[in-house]
Amino acid sequence: MISSVDSENFELFAEIESSVATLDASFCLGEKISSQNKLADETEKQIDIFLLESGYSKEAQSRLWALKGILKFIEGKKVEANKCFEVSKNLYKNHKISNYKKLFKNCQKLLVYR
């Protein structure tokens, strides 16, 4: 999840992660995003607020951009999703955590197949 550097905001980050997971699961089950528009809009606003705040580690910023990319993908905005994933990747490209590499590859595959 988010690095220990951002532990004071753990609950807020966890809430964002949970919201994105709920929306993603609904999407995978074939539900229309319109039924969850309020949650999607609120989650994206929370992400944008965190991204505007300074002082977060590159890892945290990268994860937020990746989550925003997932939201954009769910909304059917593939170009915007890809831009978010690229920003995320560029923030974290020198880090050697395989989970992030897998995340980026999976997100790129989703953009191609859907």
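Details of the structure are given in the entry above.
Residues numbered from 1 in each chain as written. Predicted model: local features only at pLDDT ≥ 70, side-chain atom pairs only at ≥ 80, totals over all residues. Heavy atoms only, no water.

Things to note about the pattern of salt bridges
1) Next: Tallied over the entire structure, the rule returns six salt bridges.
2) Next: With its nearest N and O atoms 2.6 Å apart, the salt bridge here joins Lys68 to Asp48. Highlighted residues: Lys68 in helix α3 (residues 58–74) and Asp48 in helix α2 (residues 37–52), separated in sequence by 20 residues.
3) Next: Judged by its relative accessible area of 28%, Asp48 falls in the partly exposed class.
4) Next: We note a salt bridge from Glu75 to Lys77, for which the minimum N-O separation is 3.5 Å.
5) Next: Using a relative accessible area of 37% as the deciding quantity, one classes Lys77 as partly exposed. (Salt bridge = Lys/Arg side-chain N within 4 Å of Asp/Glu carboxyl O. Helix = DSSP H or I, 4+ residues; strand = E, 2+ residues; numbered from the N terminus. Buried < 20%, exposed > 50% of the residue type's maximum accessible area, 1.4 Å probe, protein only.)

Some remarks on the packing of aromatic side chains
1) Next: With the rule as written, the count across this model stands at four aromatic pairs.
2) Next: Plain terms: the ring middles of Phe27 and Phe73 are 5.7 Å apart, the flat faces sit at 75° to each other, and that makes the pair edge-to-face. Within this pair, whereas Phe27 is found in helix α1 (residues 10–28), its partner Phe73 is found in helix α3, the two being separated by 46 residues in sequence.
3) Next: Here Phe50 and Tyr56 contribute two aromatic rings whose centre-to-centre distance is 5.5 Å and whose plane-to-plane angle is 70°, an arrangement assigned as edge-to-face. For the pair formed by Phe50 and Tyr56, the shared burial category is buried. (Phe/Tyr/Trp six-rings, centres within 6.5 Å; stacked < 30°, edge-to-face > 60°.)

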